[in-house]
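# Analysis of the macromolecular model
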Amino acid sequence: MAYEDGLLRELTILRRGWGLETERLRARLGPLVSGWCEIHRTANDREARRVLRDAISTAVAEFPADDQLAVNVALGIAPGAQHALLSDRVGVLADRLRVSERTARRRIDRSFARLAAEIEAGLRPGDGVPDDPDQGWFVKRFRAIVRLDTAEPELIEERQIVATRDGLSRISAQFTVPRVDGGDGERLVAADAQHGVRITDAQRVGQRHFRWLLDLPRPLARGDTHTYALVIRIRDGLPIRPSYVFVPLVTCESFTVRVRFDPHRLPWTVWRLDRVPPSVLGDPAKPGPALPLDGACEVAQEFGAPQLGYAYGLRWVAQESP
């Protein structure tokens, strides 16, 4: 029931405002609805809207006609139901069913409960989702702390994940040391599990990319959440690019990054990177609006619903070494 209840909550949120006609649709979708429709495979809001319409149409295909209409009107799918407020669409449904608005709202609530149950019933352990550590889960919250005040650069990554299939017992994590001008050799990176997982396999993919397989303490059911943290250290003593970026490969609802600088090596300037194509990250720095450091020599930024395939984070211009 936890998965079904979670779906119902996300579907109820989705029908607010403009429904499927809302701006930034992908950003409003919860991880369970996103996982059901595999929204992470869509390129933009227009494609996500089409995928959602098709998936909902299939899910309600065997509903009574009035229930189908209730779902389609509430989400703004039905012709003539594209209104800015759900209350206006409730009025549209009441007129078409020739009932009171109170009865129309109850019909919507009942139809959405049935829709959530239909989605849950249509999913079985492993259906459409291979037993692959890169699939079957999404990130609800990701917090990264970059420490540059330690003997070696240290990164603490904490993620809260949501399972989108039953029996999820293993996931993966990846990290890349960006190429620095004049340096193209093999990098040395070590990862430790701070809490919530056990690292069972460490893989090097090329000279600068690393991947770890992480076993969860217990198998997760669809809709279950779990929080874990890794500590990643760059141990080779070689220069690093003056930036930290996150490029989501699975759906992520929120991302926060905090960089703690060495008080004896403060940067000249720090700025925010927001929805930047990864291909330009190696270009010469073009500083944006400067972000102030606080009394702890830290800068923090938050990003809501970062889009798959784009880079988010912080970049800075370092002072020359004394």
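Quantities reported herein were computed from a predicted structural model and do not represent experimental measurements.

### Focus: the confidence of the model for the protein
With 93% of its residues at a pLDDT of 70 or more, the protein has an overall mean of 89. Taken together, the stretch residues 124-129 has pLDDT below 50 and engages in eight contacts with residues farther than four places along the chain or on a different chain.

### Thoughts on the packing of helix H6 (residues 86-97) against helix H7 (residues 101-122)
Look at H6 against H7: their axes get within 8 Å of each other, and the N-to-C directions meet at 105 degrees. Relative to H7, the element H6 is oriented roughly perpendicular. In this structure, H6 uses Leu86, Ser87, Val90, Gly91, Leu93, Ala94 and Leu97 to contact H7, whose residues at the interface are Glu101, Ala104, Arg105, Arg107 and Ile108. The residue inventory of the contact of H6 with H7, partitioned by class, reads seven nonpolar, two polar and three charged.

### Things to note about the sheet that holds strand E10 (residues 269-276)
Pairing in this open sheet of three strands is antiparallel, and the strands run E8-E12-E10 from one edge to the other. The open sheet terminates on both sides in strands that have one partner only, identified here as strand E8 (243-246) and E10. The average angle at which neighbouring strand axes cross in this sheet is 15 degrees, direction not considered. Both E10 and strand E12 (residues 311-317) contribute to a ladder of seven bridges, which runs antiparallel. Bridge assignment links Leu273 to a residue of E12, and that residue is Gly313.

### Things to note about H7
If you check H7, its first and last C-alpha atoms are 31 Å apart, about what 22 residues at 1.5 Å a residue would give, namely 32 Å. All of the buried residues along H7 are Ala104, Ile108, Ser111, Phe112, Leu115, Ala116 and Ile119. For H7, the arc enclosing every buried residue in end-on projection is 145 degrees, short of the 170-degree limit, so these residues lie on one face.

### As for the nonpolar core
Residues Trp212 and Phe255 are the most contacted members of the largest nonpolar core, which totals 41 residues. Setting aside chain neighbours within four positions, we find Trp212 in contact with Ile171, Ser172, Ala173, Gln174, Phe175, Val189, Ala191, Ile199, Asp201, Ala202 and Ile232. Grouped together as the second largest cluster of nonpolar side chains are 38 residues, Val73, Leu75, Val92 and Phe112 included.

Cut-offs applied
Residues numbered from 1 in each chain as written. Predicted model: local features only at pLDDT ≥ 70, side-chain atom pairs only at ≥ 80, totals over all residues. Heavy atoms only, no water. pLDDT = per-residue confidence, 0-100. Contact = heavy atoms within 4.5 Å. Axes fitted to C-alpha atoms, helices over the stretch in contact; angles between N-to-C directions. Helix = DSSP H or I, 4+ residues; strand = E, 2+ residues; numbered from the N terminus. Parallel < 35°, antiparallel > 145°, perpendicular 65-115°, else oblique. Nonpolar A, V, L, I, M, F, W, Y, C, P; charged D, E, K, R; others polar. Pairing = 2+ DSSP bridges. Expected span 1.5 Å × (residues − 1). Buried < 20%, exposed > 50% of the residue type's maximum accessible area, 1.4 Å probe, protein only. Arc of directions from axis to C-beta. Core = buried A, V, L, I, M, F, W, Y, C linked by side-chain atoms within 4.5 Å.

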